[in-house]
Amino acid sequence: MNCDNRTRFASFVSIRTTMVLMLCCFSTVLQAADSRVVAGNGEAGFVDGSDARLNKPIRLSPFGPGKILVADFSNHAIRSVSIDGEVATLAGGPDKKGHKDGSAAEAGFDGPHGVSASPDGLIVVAGASSHTVRLLTPTDDGYQVTTLAGVVGESGFNDGPAAEALFNSPHAVVWEADGGVLVVDIGNASIRRVKDGMVTTVATAATSNFAMPIDMTAAGDRGYLIADAGTQKALRWSPGDQAEVLAADTEMGMPHGVAGDADGNIFVAEIRGHQVTELVTGVTAKRIAGTGTAGAGPDQLDKPAGVLVHDGYVWIADLNNHRIVAVSLESLAVESPAEH
């Protein structure tokens, strides 16, 4: 073997060894994490109960011990999912597609995209298709649905009285501690606030160091976390401040959902990367679910759209597999650190 061939062979061995080590590293993460399908079987449908069907679940919110809220986008419904797999519809459904206020039994939604429950049981919904923000108020026999802000079917950018304000495809909603609601208004690349019957603009791409915010979640006394589809990064932001880029050197496949835990770890649903990435203390990135390739296998995801940390689990809205997946936080704490 001549010198050139020996050099090429050594380079090949080095590259092959590196690839094997990387694959083993990712395999360790996926095997160590306690990941399981909670609800849905990969087929789109609209069925409640323990053998439930969903149709493009897209956003999640805590809803009591062992239970979450789901914006079931293509079923035009708001549903609950428990960790034991029980699914119930709170309002809406495929036969009620449209925008209609009233009791939960008669109310209609059109592509609900964001959902958030307040501590006192109010539920707010971002209507991406209707350009509105809706409110579900608990009653003795369910919920009463009203339009909180926006003009049905009319997109635009206008602050002022809630009934006259205009949004452009609101994608996420978050309750503030004082009862206000922050709205991620993706079509206007801005964060808006609904409070006391008025809509105001809190931040825009021109003033706050983000490009196209698509999801947001509260991060306790550390402000808010933002998934920014424009910069392809996760951000930390507080009203009145510039957004801080987290894990700036980490490449992401379209961050679509974001969540955080009490230890400062951040979880990002990469809708084009077909994986959920954990930014350990907001810095070191490692894959905790999915393989990076779309699929319906037990370790795969197909366009994960939403992520939530709640009651000991990382919950994932597996959009194109029409299912909810949960990863045990306890298993993540003991797994080996694999970076990407």
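Bear in mind that the values here come from a model prediction, so they are computed numbers and not experimental data.

Draft legend 1. Just the overall build of the protein, in detail. Within the protein, the regular secondary structure consists of three helices and 26 strands. Classification of the 340 residues of the protein by burial places 52% in the buried group. Sequence separation of 24 or more characterises 46% of the internal contacts of the protein that already satisfy a separation of 6 or more. Just so you have it, the protein exposes about 14100 Å², and 52% of that area is on carbon and sulfur atoms.

Draft legend 2. Up close: the environment of Asn265. Its place among the elements puts Asn265 in the loop between β20 (255-260) and β21 (266-270). Here Asn265 falls in the buried class, since its relative accessible area comes to 11%. Distance from Asn265 to Thr284, taken between C-alpha atoms, is 9.4 Å for residues 19 residues apart in sequence. Asn265 has contacts with Ala259, Gly260, Glu278, Leu279, Val280 and Thr281, leaving out every residue within four places of it along the chain. From its side chain, Asn265 meets the backbone nitrogen of Thr281 in a polar contact 2.8 Å long.

Draft legend 3. Representation of the nonpolar core in the model. If you look at the biggest cluster of nonpolar residues, it comprises 34 residues, and the most contacted ones within it are Phe109, Val115, Ile123, Val125, Leu136, Ile266 and Leu279. Listing elements by their share of this core, those giving two or more residues are β3 (67-72), β5 (87-92), β8 (123-127), β10 (142-149), β17 (224-228) and β21. In this view, Ile123 contacts Phe63, Leu69, Leu90, Val115, Ser116, Ala117, Arg134, Leu135, Leu136 and Tyr143; residues no more than four positions away in its chain are not counted.

Draft legend 4. Region of interest: the sheet that holds strand β6 (residues 102-103). Ordered by their spatial adjacency, five strands build an open sheet running β6-β10-β9-β8-β7, and the pairing between neighbours is antiparallel. Both outer strands of the open sheet, β6 and β7 (112-117), are each paired with one neighbouring strand and no more. Taken together, the five bridges between β7 and β8 define a ladder with antiparallel strand orientation. Residue pairing across strands places Pro112 opposite Gly127, the latter belonging to β8.

Draft legend 5. Up close: the pairing of β21. Most of β21 is tucked away: five of the five residues are buried. Of the two faces of β21, the one carrying Ile266, Val268 and Glu270 and the one carrying Phe267 and Ala269 are both buried. As paired elements, β20 and β21 share five bridges and run antiparallel to each other. What sits directly across from Gly260, in β21, is Ile266.

Draft legend 6. Representation of the sheet that holds strand β13 (residues 181-185). One open sheet accounts for five strands, arranged β11-β15-β14-β13-β12; its pairing is antiparallel. Each edge of the sheet is formed by a strand with only one pairing partner; in this case those strands are β11 (160-161) and β12 (170-175). Judged from the six bridges that link them, strand β14 (residues 190-195) and strand β15 (residues 198-204) form a sheet pairing that is antiparallel. Within the sheet, the bridge partner assigned to Arg193 lies in β15 and is Thr200.

Draft legend 7. Region of the structure containing the packing of aromatic side chains. With the rule as written, the count across this model stands at two aromatic pairs. On the numbers, 5.9 Å between centres and 40 degrees between planes, the contact of Tyr224 with Trp237 is tilted. Of this pair, Tyr224 sits in strand β17 while Trp237 is found in strand β18 (residues 233-237), placing the two residues 13 residues apart along the sequence. In this pair, the class of Tyr224 matches that of Trp237, namely buried. Plain terms: the ring middles of Tyr313 and Trp315 are 6.2 Å apart, the flat faces sit at 70 degrees to each other, and that makes the pair edge-to-face. In this arrangement the basic side chain of Arg134 is found over the ring face of Phe109, its NZ or CZ atom lying 4.7 Å from the centre. Note that Arg192 overlies the ring of Phe167, its terminal NZ or CZ placed 4.8 Å from the centroid.

Conventions used here
- Residues numbered from 1 in each chain as written.
- Predicted model: local features only at pLDDT ≥ 70, side-chain atom pairs only at ≥ 80, totals over all residues.
- Heavy atoms only, no water.
- Helix = DSSP H or I, 4+ residues; strand = E, 2+ residues; numbered from the N terminus.
- Buried < 20%, exposed > 50% of the residue type's maximum accessible area, 1.4 Å probe, protein only.
- Contact = heavy atoms within 4.5 Å.
- Areas by Shrake-Rupley, 256 points an atom, 1.4 Å probe, with all protein chains shown as cover.
- Polar contact = N/O pair within 3.5 Å; in protein donor to acceptor, adjacent residues only side chain to side chain.
- Core = buried A, V, L, I, M, F, W, Y, C linked by side-chain atoms within 4.5 Å.
- Pairing = 2+ DSSP bridges.
- Phe/Tyr/Trp six-rings, centres within 6.5 Å; stacked < 30°, edge-to-face > 60°.
- Lys NZ or Arg CZ within 6 Å of the ring centre and 35° of its normal.

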